[in-house]
Amino acid sequence: MAKPVADVDGQNTGGFSTDGSKVTGFSTLHDSGTGGNPSLGNFPFFPQYCPEDEINNCKFPKATRAVHYINDSVVARPGYFALSLENGIRAEMTSTEHAALYKFTFPVATATNGSQLSPLILMDLTDLWDSRQNASISVDVEASRIKANGTFLPSFGAGSYISYVCADFVGAMVHDGGIWVNNRAGTERTELYVTRGFNNFYLQAGGFVQFQRPENGTINVRVGASFISTDKACKNAQTEIPHPLDDFEDIQRGTEVAWREKLSPISIKEGGVQNDLLTSFWSGVYRTMLDPQDLTGENPLWESDEPYFDSFYCIWDSFRAQHPFLTIIDPIAQSRMVRSLLDTYKHENWLPDCRMSLCKGWTQGGSNADVVLADAFVKNLTGIDWNLAYEAMVNDAENEPLEWSYEGRGGLQSWKRLNYIPYLDFDYLGFGTNSRSISRTLEYSYNDFCLSTVGKSLHKDDYSKYLARAHNWQNIYKTDQISSINGTDTGFVGFFQPKYLNGTWGYQDPIACSALASWCSLTSNPSETFESSVWEYQFYVPHDMAALIDLLGGPDTFVSRLDFFHTSGLADMGNEPVFLTVFQYHYAGRPALSVHRAHSYIPSRFNSSHSGLPGNDDSGAMGAFAVFSMMGLFPNPGQNVYLIIAPFFEAVSITHPVTKKAATIRNVNFDPSYRNIYIQSATLNGRPYSKNWIGHEFFTEGMTLELTLGDTESDWGRGKDDLPPSLSSTVHRESLHINLRLAGFPSVYYHRKECDRI
């Protein structure tokens, strides 16, 4: 929960950025790498000297106090962050689970008369994006303590939340304190209450304490945070940091030890690769574990014995790679997250699609918590009430909420009656942004496939209904639709298009909302695809790639489309829908092209430089993509499928935290210059293995996959029996089994080759 860092006035969605902007304060609560408005950043502290020791010479409002940091002073590592401001003040910080410990070191400074200036630390009743609705502060000079609370808005959702803070100042004698409003301060009053103000005028206000500078110049600030109460914030601080003057190094070491333990399931045999790649890899692993945040015991909304996780920011981003990655390296935490989603359903009647700061976040596509649940189900995560999970998924599929902008699905009447989401739908049951008809149709199709997967295994009678709905994506495919770029025909025919209620076609340019056109959001520029183009969404049929490939003209044409998409500028590597497209060559029997495509993006777009991510990290989603790619196994989330490419290292081993068995992917003929990147042959546990995919049992049972590499594409993984499963192929074989049995054949089971022969 506590993630202390400097806050800047530039790209500050996560608080700090190396974009050369100015520091406005140091705060304890943050979300990691989000899009949209910056999140949290409540009650920042700011250290400074007042010229001539005159309190009103200090700079209090955020814009006027902002100061540059010294670029080469920044130190960022697990459990520790530090930088020096241009005014000479050094700031260091570390954290426990619910509290932070700051260390501010003030250089000697004197007034014009030669007297030594007194350090001042202010607290601001604000957050990163100035969303405060009201706030209170109390300054206790005698106890060297400031307590505050405030009501704020979530950065990408509805409602409001209350945050509480308790700060204790140690290491120096406090000789004054009080409150400040706008650019003036005083010691006469030590309590203050502010609201949003007339016409939404934002009053800048807070409290401050002023010290006699200690001999070493260092003042420590222990900060407890809570979403329950100010008393709970103080208790969190006192319990977790009992000795704020002496605990800094111990906390820092303890946090580093905890991180090493979290990273320990993964080990790498580097094989001579560059350090930049290793830094990018391990940083990606680290970022996958920053959000969602475990706020168990800090949920004021309901009482429960179940875990409570917050900052699912957003599942539309994280279901594609981050949650599948946590399922491998931290299945206990992932199981607790799933239980938290189900507990939220129990108390708020809906699975969240996005959630932060105790609030409901905006729904971006379908009900994609369904995919997270299905992924956990097919990979056998334990401790989860799967009947409750199925009930929650059915609720998403059958019942429309009044406001589906932040929970559930909209347009369900049309979905059930027309088998697609119409363009300009008529939906009187609920309301939300009436757009995204293409992307919602495609995502609802996959959501229902995930529901049918869980239902079938639980022997639910209605699973076949949702299996049928999983085919609905085909109903918005327009066979004669063409696409042009700058007036030049791309040469490809057949794309998804919006369709009206009466079944006639609408139109959206297939390149709209792509990297070659304008950005499409929920509100400012809504379209029929969300944050992605028709070109990108044409590949989003993760459950039935075989049918999609047939629809698009067969494997060769599909590969040509995918190549064009990735080489024309249409692919937006800065957003999550592109992830699976990098590896979908596997489904066309060309796994070598997936390898080639992955190497075209790593390390060119994913590296350890300041601009080493193509988009915001979306709470670890981008990190998970890079890590999976470099590990050599990429998930198709919601299915027990990992697509195989050669790892970017000589070998990668993962010890499953529950079974304690080690799974290893090893390259033979590994070349750190990456000339040999194509799989020539493979063995699994010493036996020949030709499939270009593998299941989750690889990790739980501790298998060894050995890949022999070469510098050209081979026949490995290209056979019909080597391709990953697809719904249409499975349904066809199941139907054939039934027909064979009815025709008098003695066995219900037939080998796939036997089915194909018959």
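In the annotation of an unreviewed UniProt entry, the entry for the protein reads Alpha-1,2-mannosidase, and the organism field reads Aspergillus tanneri.

A. Local environment of a nonpolar patch on the surface. Residues Phe 426, Tyr 428, Leu 429 and Leu 501 make up a contiguous nonpolar surface patch of about 420 Å² in total accessible area. Within the secondary structure layout, Leu 501 lies in the loop between strand S25 (488–496) and helix H13 (534–537). Of the residues examined, Leu 501 reaches a relative accessible area of 31% and is grouped as partly exposed.

B. View of the UniProt feature "domain: Glycosyl hydrolase family" (unreviewed entry) in the protein. Feature annotation in UniProt assigns "domain: Glycosyl hydrolase family" (unreviewed entry) to the following positions: residues 232–711. The span residues 232–711 carries 37% helix and 14% strand; its end-to-end C-alpha distance comes to 61 Å.

C. Layout of the confidence of the model for the protein. Predicted confidence across the protein gives a mean pLDDT of 94, with 96% of residues reaching 70 or more. For the stretch residues 735–743, pLDDT sits under 50, and the model shows 8 contacts to residues farther than four places along the chain or on other chains. With pLDDT under 50 throughout, residues 745–758 is counted as low confidence; its partners more than four residues away or in other chains account for 16 contacts.

D. Focus on the nonpolar core. Counting residues in hydrophobic clusters, the biggest one holds 146 residues, and the most contacted among them are Phe 496 and Phe 698. When residues in this core are grouped by element, the largest group, 9 residues, is from helix H17 (residues 621–631). The contacts of Phe 698, once residues within four sequence positions are left out, are Leu 633, Ala 663, Thr 664, Ile 665, Leu 684, Met 703, Thr 704 and Leu 705. By size, the runner-up hydrophobic cluster in this structure holds 68 residues, among which are Val 5, Ala 100, Ala 148 and Leu 192.

E. Seen up close, helix H3 (residues 248–263). In a regular helix each residue adds 1.5 Å, so 16 residues correspond to 22 Å; H3 covers 23 Å between its end C-alpha atoms and thus fits that length. When H3 is considered as a whole, its buried residues turn out to be Phe 248, Ile 251, Gln 252, Thr 255, Trp 259 and Leu 263. Looking straight down H3, one finds its buried side chains confined to an arc of 105°; they lie on one side. Within H3, the exposed residues directed more than 90 degrees away from the buried face are Arg 253, Val 257, Arg 260 and Glu 261.

F. Spatial organisation of the packing of helix H7 (residues 331–348) against helix H9 (residues 386–398). Between H7 and H9, the least distance of the axes is 10 Å, while the angle of their chain directions is 60°. On the basis of their axis angle, the class for H7 and H9 is oblique. As H7 runs across H9, the sense of the crossing is left-handed. Within the contact between the two elements, H7 uses Leu 342, Tyr 345 and Lys 346 and H9 uses Leu 388, Ala 389, Glu 391, Ala 392 and Asn 395. When its residues are assigned to classes, the contact of H7 with H9 shows 5 nonpolar, 1 polar and 2 charged.

G. Examining the sheet that holds strand S16 (residues 191–195) more closely. Taken in spatial order, the 9 strands make up an open sheet running S5-S6-S7-S8-S18-S13-S11-S10-S16, and their pairing is antiparallel. Where the open sheet ends on each side, the last strands, each with one partner, are strand S5 (75–77) and S16. Looking at each pair of strands side by side, their axes are set apart by 15° on average, direction ignored. Strands in contact with H3 are S5, strand S6 (80–84), strand S7 (90–95) and strand S8 (99–105); relative to S7, the strand with the most contacts, it is inclined by about 55°.

H. Spotlight on the pattern of salt bridges. Following the criterion strictly, the structure yields 27 salt bridges and no others. In this structure, Lys 416 engages Glu 398 in a salt bridge whose closest nitrogen and oxygen atoms are separated by 3.0 Å. Of this pair, Lys 416 sits in helix H10 (residues 412–418) while Glu 398 is found in helix H9, placing the two residues 18 residues apart along the sequence. We note a salt bridge from Arg 675 to Asp 671, for which the minimum N-O separation is 3.7 Å.

I. View of the state of the cysteines. Overall, the coordinates contain 4 disulfides when judged by the stated rule. Through a disulfide, Cys 166 is tied to Cys 234; the S-S separation comes to 2.2 Å. Looking down the S-S bond of the Cys 166 and Cys 234 bridge, the torsion is 95°, so its handedness is right-handed. Highlighted residues: Cys 166 in strand S13 (residues 161–170) and Cys 234 in helix H2 (residues 230–240), separated in sequence by 68 residues. In this structure Cys 166 comes out as buried when scored by relative accessible area, which is 0%. Judged by its relative accessible area of 6%, Cys 234 is buried. For the protein, numbering the cysteines in disulfides from first to last along the sequence yields the connectivity 1-2, 3-4, 5-6, 7-8. Cys 359 forms no disulfide, and the closest cysteine sulfur to it belongs to Cys 354, at a distance of 11 Å. Cys 314 provides the cysteine sulfur closest to Cys 450, a residue in no disulfide bond, and the two sulfurs are 18 Å apart. The exposure class assigned to Cys 450 is buried, which follows from its relative accessible area of 0%.

Cut-offs and rules
Here, residues in each chain are numbered from 1, in the same order as that chain's written sequence. Since the coordinates come from a predicted model, pLDDT governs what is reported: local features require at least 70, and pairs of side-chain atoms require 80 or more to be given and counted, while whole-chain, interface and lining totals use all residues. Where side-chain values are given, they derive from all heavy atoms of the structure, hydrogens and water being excluded. Candidates for patches are residues over 30% relative accessible area with no salt bridge; among them, like charges are joined within 9 Å and nonpolar side chains (Val, Leu, Ile, Met, Phe, Trp, Tyr) within 5 Å. Accessible surface area values rest on a Shrake-Rupley calculation with a 1.4 Å probe, where residue burial reflects the displayed protein chains alone. Salt bridge, as used here: a side-chain nitrogen of Lys or Arg that lies within 4 Å of a carboxyl oxygen of Asp or Glu. A run of DSSP states H or I qualifies as a helix once it reaches four residues; a run of E qualifies as a strand once it reaches two. Both are numbered from the N-terminal end. Categorising residues by exposure relies on relative accessible area from a 1.4 Å probe, with only protein chains included: less than 20% of the type maximum marks a residue as buried, more than 50% marks it as exposed, and the intermediate range marks it as partly exposed. UniProt positions are given in the numbering used here, feature names are shortened, and annotations may be inferred rather than shown by experiment. What pLDDT expresses is the predictor's confidence in each residue, scored from 0 to 100. Working rule for contacts: check all heavy atoms of both residues, and any pair within 4.5 Å makes them a contact. Nonpolar cores were defined as sets of buried Ala, Val, Leu, Ile, Met, Phe, Trp, Tyr and Cys residues, with membership established by side-chain atoms within 4.5 Å. Multiply 1.5 Å by the residue count of a helix minus one, and that product is the helix's expected span. Regarding the arc, it is the one traced by the directions from the helix axis to the C-beta atoms. Lines fitted to C-alpha atoms define the axes, with helix axes restricted to the stretch in contact, and inter-axis angles between N-to-C directions lie between 0 and 180 degrees. Put simply, angles under 35 degrees are roughly parallel, angles over 145 are roughly antiparallel, angles from 65 to 115 are roughly perpendicular, and the rest are oblique. By convention, the crossing between two helices is left-handed when the near helix turns anticlockwise from the far helix through less than a right angle, and right-handed when the turn is clockwise. When residues are grouped by polarity, Ala, Val, Leu, Ile, Met, Phe, Trp, Tyr, Cys and Pro land in nonpolar, Asp, Glu, Lys and Arg in charged, and all others, Gly among them, in polar. Two strands are counted as paired when DSSP detects at least two bridges linking them. Cysteine sulfur atoms that pair up within 2.5 Å are treated as a disulfide.

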